[in-house]
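What follows is the residue order along each chain.
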There are 2 protein chains.
Amino acid sequence: MKDLPLRDVYRLIEPGPVVLLTTSHKGPANVMTMSWHMMVDFEPPLIACVVSDRDHSFTALRATKECVVAIPPAEMAETVVAIGNCSGRDVDKFEAFHLTKGEAEKVSAPLVVDCFANIECKVVDTRLVNQYCLFVLQGVKAWIDPARRGSKTIHHKGMGSFIVDGETIELDSKMP
Amino acid sequence: MKDLPLRDVYRLIEPGPVVLLTTSHKGPANVMTMSWHMMVDFEPPLIACVVSDRDHSFTALRATKECVVAIPPAEMAETVVAIGNCSGRDVDKFEAFHLTKGEAEKVSAPLVVDCFANIECKVVDTRLVNQYCLFVLQGVKAWIDPARRGSKTIHHKGMGSFIVDGETIELDSKMP
């Protein structure tokens, strides 16, 4: 994993891939599957996400205010769904799914080395947590596996239906 | 356009497509291109989005608290980018891009008939508007063109690079 400039984080999140979110709090580190997230600002990169208070990760995220957002390649789709189908209350998911932890630089939550990109994040706004379980995260350090940069990702359409990235088209946009 | 149950709105938004957002306020209705949005709750459907205060639509959205989120099919990609490359301050975009307005049922902003789905929305939370331009919308009525249901969409990777939906895979997910 090599350093990814923080200004490039939005290019991973904005397309709307299914991601993994790791936390570390009392007991083994945990990982969940997440699909409700969006960019809020470019640099420093701010990411909003919804982590249900029924999820085991909710307590860890609220208590530690730290997490890692990891981007799994499409090849990991079955594992990503399996991670979403069980709870860290019952299972050490890193162990159960043979995931490789990496040491983060600025947070206690682990990187997921199996993913092609990882974003270390700190919670910077909790005003909408009580009502919507909506956290605002700031990316504080990002990593990419250069050999797998540009990996295809998956997008959740609901009910177990996932879209895999297709072709990329280049258009003359004035937007970053 | 036929009625789409509100409980199905998340299946349009969760995959992270580039969308259009229409508003109506003082002068011709306006439309912008938006890519920073996420689901916040299933039913009633809540959608968070970031509309920059540099965008002409920001003032309209904050003042009227109403908008329509329209989902363009991939075939509209060039028009979607062109809509994003200019401002409603200078251009009547519905006219310039030959878009067809439809009358919404519960909001004053227009539907975009060229899109395959439309979600009429009201702003329900503005606590994060001043700091992040982050609005929480509630979908109050949704529409779909049955003939174009399941249209491929586009996802923005930044700098004019867009991913078109590829194949759909079905996995045994316990998540809605």
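All figures in this text were calculated on a predicted structure; none of them were measured in a lab.

### Focus on helix α3 (residues 77–84) of chain A
Right, on to step 1. Every buried residue of α3 of chain A is accounted for by Ala 77, Val 80, Val 81 and Ile 83 of chain A. The arc enclosing the buried residues of α3 of chain A, seen along the axis, measures out at 155°, which places them on a common side.

### A short note on the interface of chain A and chain B
Right, on to step 1. Tallying the contact residues gives 52 residues for chain A and 52 residues for chain B.
Right, on to step 2. Buried area between chain A and chain B, summed over both chains or domains, comes out near 5100 Å², and the portion from carbon and sulfur atoms is 59%.
Right, on to step 3. On the chain A side of the interface with chain B, the three residues burying the most area are Glu 14, Trp 36 and Met 38 of chain A, jointly 14% of the side's total.
Right, on to step 4. On inspection of chain A and its partner chain B, the count reaches zero salt bridges.
Right, on to step 5. On the surface where chain A and chain B come into contact, there are 33 residue pairs in polar contact (both at pLDDT 80 or more).
Right, on to step 6. Sorting elements by how many residues they give to the side of chain A that touches chain B places strand β12 (residues 161–170) of chain A first, with ten residues.
Right, on to step 7. Sheet analysis places β12 of chain A next to strand β12 (residues 161–170) of chain B, joined by seven bridges and oriented antiparallel. By the bridge assignment, Ser 161 of chain A is partnered in β12 of chain B with Glu 170 of chain B.

### Thoughts on the side chain of Thr 153 of chain A
Residues and elements named next belong to chain A.
Right, on to step 1. Structurally, the position occupied by Thr 153 is in the loop between β10 (134–144) and β11 (154–158).
Right, on to step 2. Side-chain polar atoms of Thr 153 contact the side chain of His 155, separated by 3.4 Å.
Right, on to step 3. In contact with Thr 153, not counting residues within four places along its chain, are Pro 17, Ile 71, Pro 72, Ala 74, Phe 116, Ile 163, Val 164 and Asp 165.

### Considering the relation of the copies chain A and chain B
Right, on to step 1. Superposing chain A onto chain B requires a rotation of 180° together with a translation of 0.0 Å along the rotation axis, leaving an RMSD of 0.0 Å. The transformation just described matches what one would write down for a two-fold rotation axis.
Right, on to step 2. A high fraction, 100%, of the interface residues of chain A reappear at the interface in chain B, so the copies pair face to face through one surface.

### Some words on the side chain of Ser 35 of chain B
Right, on to step 1. Within the secondary structure layout, Ser 35 of chain B lies in the loop between β3 (30–34) and β4 (37–41).
Right, on to step 2. Ser 35 of chain B sits in the buried class, given a relative accessible area of 13%.
Right, on to step 3. A polar atom in the side chain of Ser 35 of chain B sits 3.2 Å from the side chain of Glu 14 of chain A.
Right, on to step 4. If sequence neighbours within four positions are ignored, Ser 35 of chain B has contacts with Glu 14 of chain A together with Val 18 and His 156 of chain B.

### Description of the packing of aromatic side chains
Right, on to step 1. Per the counting criterion, the structure on display carries six aromatic pairs over all chains.
Right, on to step 2. Geometrically, the ring pair formed by Phe 58 of chain B and Phe 135 of chain B is edge-to-face, given 5.7 Å between the ring centres and 65° between the ring planes. Of this pair, Phe 58 of chain B sits in helix α2 (residues 56–64) while Phe 135 of chain B sits in strand β10 (residues 134–144), and the two are 77 residues apart along the sequence.
Right, on to step 3. Phe 135 of chain B gets classed as buried once you look at its relative accessible area, which sits at 0%.
Right, on to step 4. Three or more aromatic residues joined by ring pairs form one cluster here, namely Tyr 10 and Phe 42 of chain A together with Trp 36 of chain B.
Right, on to step 5. Directly above the ring of Phe 94 of chain A sits Lys 101 of chain A, whose terminal nitrogen or CZ lies 5.2 Å from the centroid.

Conventions we followed
- Residues numbered from 1 in each chain as written.
- Chains lettered and ligands numbered in written order.
- Predicted model: local features only at pLDDT ≥ 70, side-chain atom pairs only at ≥ 80, totals over all residues.
- Heavy atoms only, no water.
- Buried < 20%, exposed > 50% of the residue type's maximum accessible area, 1.4 Å probe, protein only.
- Helix = DSSP H or I, 4+ residues; strand = E, 2+ residues; numbered from the N terminus.
- Arc of directions from axis to C-beta.
- Contact = heavy atoms within 4.5 Å.
- Buried area = accessible area lost by both parts, 1.4 Å probe.
- Salt bridge = Lys/Arg side-chain N within 4 Å of Asp/Glu carboxyl O.
- Polar contact = N/O pair within 3.5 Å; in protein donor to acceptor, adjacent residues only side chain to side chain.
- Pairing = 2+ DSSP bridges.
- Least-squares fit on C-alpha atoms with pLDDT ≥ 70 in both.
- Phe/Tyr/Trp six-rings, centres within 6.5 Å; stacked < 30°, edge-to-face > 60°.
- Lys NZ or Arg CZ within 6 Å of the ring centre and 35° of its normal.

These figures capture arrangement, not role.
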